[in-house]
Each structure stands twice: as C-alpha cells, then as structure tokens.
Amino acid sequence: MTNHDLERMMDTSDEWIVTRTGIRERHIASPEEPTSVLGWRAAQAALADAGLEMDAIDFIVVATNTGDTVFPSTACRVQSQLTQRPVPSVDVQAGCTGWIYGIAMASAMIESGTFRRILVIAADKLSSITDYQDRTTAVLFGDAAGAIVLEGRQQAEHGVLASFLQADGSGGDLLSMPAGGSLLPATHQTVDERLHYLKMNGNDVFRFAVKAMPEAIEEGLRRAGLGVDQIDLLVPHQANQRIIDAAMRRFHLDPSRVTNNIARYGNTSVATIPVALWEARQEGRVKPGDVVVLVAFGAGLTWGSNVIRWGA
C-alpha cells in the first residue's frame, strides 16, 4: 500500500507523509492471513535458516499486539501450525517493545538452564486495527513478522550480553486500542465510536520516544560494559524517520551503522526490528563478533534494548 494509494482513500499526500514520517509504502496482509499465519511463516524461515526442525525447539515466545483472539494465545496457534508435538508457548504483549522483551525473557530462560533452544517470533497485523478514516494513524502502520532461534552454547563471548526493559503505565492512554477488553467490552456504542481501532497522541508519543530511545541504548550498553563507540550496528524500532535521525545525532552514528527500512515497510510494531535485522544480514552488514544493539519503544508505555555480540 503506497502513499499514493492512501491519497485515493483519504485527505493526505505523499509529500505530507514522507516529510513527517519517512514512509513511502507499507505491506498489508490479506483477510485470510491472521497474525498467527504471519508468525508461522516467519518461524518456518527462521528454522530453515538455523538448519533445525521443530523437534529441536523447547519453548515458543510470540510478541504481538494483534493476536488472532484474546485467548487462546497466538503462540499456541502458531505452535499447533508448526508441530503436533506439545511445546510450551506464550504471548508477550509490550507494545512495539515486545520483541525486545521476548529476546530478554528467552535469553534469561536459556541462561537459567530451563530451556536450550527457544523460538522467538514477532508478528503484528496492524491493518486489522488501523482506522483508515483517521489519517494521523492510517499512514503509519503495516503488517509483518520475523523470527529468530536462540540457543544455549558454551561460547560465552557471543549472544545476548545484556538487556534493559522499562515501562511506565501512566502514559498508557497515549497509544492504545480503547475497547475490546474487560474495561470496555464490545457494545454498539464502542463500535459506533470506532474504539476498536488504534488511537494515538502522536506529539506526546514522539516526545516520549526521543527521550526513551537514548536511555535504552545507554543503559543497555552500560549493563554490557560497552560504549557507544563499540556499536557496530544499531537496529532501532522503525516508527518514524525523525526519531531514528534524532538517535543518530545524539550518538554521532554514521548511517552505515544504523538500519533504516521505514520507507518500505512503515511501522510494523514488534516486527520492525527482526525484519530490519534480517535485511542487514542479507546485505552482509552483520558479521561474527559485531556488537548489535536492538532498541524500541511502544505502547504501555514501554521501552528497552538488547545488546548482542553476534555469533558465527
């Protein structure tokens, strides 16, 4: 869905969208593709990339904000699509920071010896909760999924070196889907008032993001015992080009050290980082031994980072 497609749907323009967000197009899943199907496809690709079968996976984590249903979890739906073997599976909902939370949780479970291999999936079908009558939010979001396999190994110099997670629920109303839960169950009124769509106070979220992203980067690096100059690749949440630019200026990072694909995909919530990381690998921008920093912010309000030394 390009900006020109949106021009035909609402009062907006390609210039207006690009200037304010950096987005030129986004991808939209078909009505027959729920979030679990997106996650299932990403999981299959990750397993193939790792040279593993599902029998090798001990646990599944799915980061999502647009689950197929309130319950059962989307993780259970993905598990049933991947294998007939029972595998413990759980959803993580932490806004766009869900991928960061999922990586941190999976890493901790591996380090504790609870599991050896964990499949972490990020999938969101934001088109299902985007109000295409609201031009302030409709231009931002797309659908995507990504996945990664984390495995416990003896090479302690590689892997997740540190994570930083944070949340402040007092800002929850700045970015939310008001209805559909126990607070506002579905009624004719909630439907008529379009409360089952994503709502966002863009200016306040922007101000939050330009403060939260640097804090998450700095704290993650501090916990890993590293400095900004040791970052080989920064993979930031792709929410707005101006937010990414602010982080680059703050840390004096050359564009070659920062992933940026927002123009092609828009904001795909939890999936922005794994998609950007996958593209960086395809382009040869991630090499063994590199320090890779993943950082995100999102609804909750939440923010966080993972600092990784890339393995072979």
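Procedures and definitions
- Residues numbered from 1 in each chain as written.
- Predicted model: local features only at pLDDT ≥ 70, side-chain atom pairs only at ≥ 80, totals over all residues.
- Heavy atoms only, no water.
- Helix = DSSP H or I, 4+ residues; strand = E, 2+ residues; numbered from the N terminus.
- Rg over C-alpha atoms; globule rule 2.2 N^0.38 Å.
- Buried < 20%, exposed > 50% of the residue type's maximum accessible area, 1.4 Å probe, protein only.
- Contact = heavy atoms within 4.5 Å.
- Areas by Shrake-Rupley, 256 points an atom, 1.4 Å probe, with all protein chains shown as cover.
- Lys, Arg positive; Asp, Glu negative; His and termini not counted.
- Charge placed at Lys NZ, Arg CZ, Asp CG, Glu CD.
- Pairing = 2+ DSSP bridges.
- Axes fitted to C-alpha atoms, helices over the stretch in contact; angles between N-to-C directions.
- Phe/Tyr/Trp six-rings, centres within 6.5 Å; stacked < 30°, edge-to-face > 60°.
- Lys NZ or Arg CZ within 6 Å of the ring centre and 35° of its normal.
- Expected span 1.5 Å × (residues − 1).
- Core = buried A, V, L, I, M, F, W, Y, C linked by side-chain atoms within 4.5 Å.

Some remarks on the overall build of the chain
Reasoning step 1: The helix and strand inventory of the chain stands at eleven helices and ten strands.
Reasoning step 2: Relative to the globule expectation of 20 Å for 312 residues, the C-alpha radius of gyration of the chain, 19 Å, shows essentially globular dimensions.
Reasoning step 3: Overall size of the chain, expressed as C-alpha extent along the three principal axes, is 55 × 50 × 35 Å.
Reasoning step 4: Here the chain holds 312 residues, and 51% of them are scored as buried.
Reasoning step 5: Expressed as a percentage of contacts within the chain between residues at least 6 apart in sequence, the contacts between residues at least 24 apart total 73%.
Reasoning step 6: For the chain, the exposed surface amounts to about 14,300 Å²; the carbon and sulfur share of it is 51%.
Reasoning step 7: Here the chain holds 27 positive side-chain charges and 36 negative ones, and the gap between their average locations is 3 Å.

Remarks on the sheet that holds strand 2 (residues 89-92)
Reasoning step 1: Pairing is mixed in the open sheet, where four strands are placed in the order 2-1-3-4. Looking at which strands have only one partner, the edges of the open sheet turn out to be strand 2 and strand 4 (143-151). Taken pair by pair, the neighbouring strands of this sheet meet at an average axis angle of 20 degrees, ignoring direction.
Reasoning step 2: As judged from the four bridges shared by strand 1 (residues 59-63) and strand 2, these two strands associate in the parallel manner. Among the inter-strand pairings, Ile-60 is bridged to a residue of strand 2, identified as Ser-89.
Reasoning step 3: Against the sheet, helix 4 (residues 74-82) makes contact with strand 1, strand 2 and strand 3 (117-125), and its axis sits at roughly 140 degrees relative to strand 2, the strand it touches most.

What to know about the packing of aromatic side chains
Reasoning step 1: This model, assessed by the stated rule, comprises three aromatic pairs.
Reasoning step 2: Pairing Phe-208 with Trp-303 gives two aromatic rings, centres 5.4 Å apart and planes at 75 degrees, and the pair type is edge-to-face. With Phe-208 in helix 8 (residues 202-224) and Trp-303 in strand 10 (residues 302-309), this pair connects stretches of sequence that are 95 residues apart. Grouping residues by exposure puts Phe-208 and Trp-303 together as buried.
Reasoning step 3: The aromatic ring of Trp-16 is capped on one face by Arg-135, whose charged end is 4.9 Å from the ring centroid.
Reasoning step 4: When the ring centre of Phe-206 is taken as origin, the NZ or CZ atom of Arg-242, which lies over that ring, is 4.7 Å away.

Things to note about helix 8
Reasoning step 1: Helix length check: helix 8, at 23 residues, gives a terminal C-alpha distance of 32 Å against a target of 33 Å (1.5 Å per residue), a fit within 8%.
Reasoning step 2: Listed as buried for helix 8 are Val-205, Phe-208, Ala-209, Ala-212, Met-213, Pro-214, Ala-216, Ile-217, Glu-219, Gly-220 and Leu-221.
Reasoning step 3: Directly beyond the C-terminal end of helix 8, a positive phi value near 70 degrees is found at Gly-225.

Structural notes on the nonpolar core
Reasoning step 1: Of all hydrophobic cores here, the largest spans 39 residues; its most connected members are Ile-217, Leu-221, Leu-234, Val-293, Phe-297 and Trp-303.
Reasoning step 2: Examining the composition of this core, we find that eight residues originate from one element, helix 8, more than from any other.
Reasoning step 3: For Ile-217, the residues in contact, after removing those within four places along its chain, are Ile-231, Leu-234, Phe-251, Val-295 and Ser-305.
Reasoning step 4: Counting 31 residues, the second-largest nonpolar core is a separate cluster that includes Val-92, Trp-99, Leu-233 and Ile-308.

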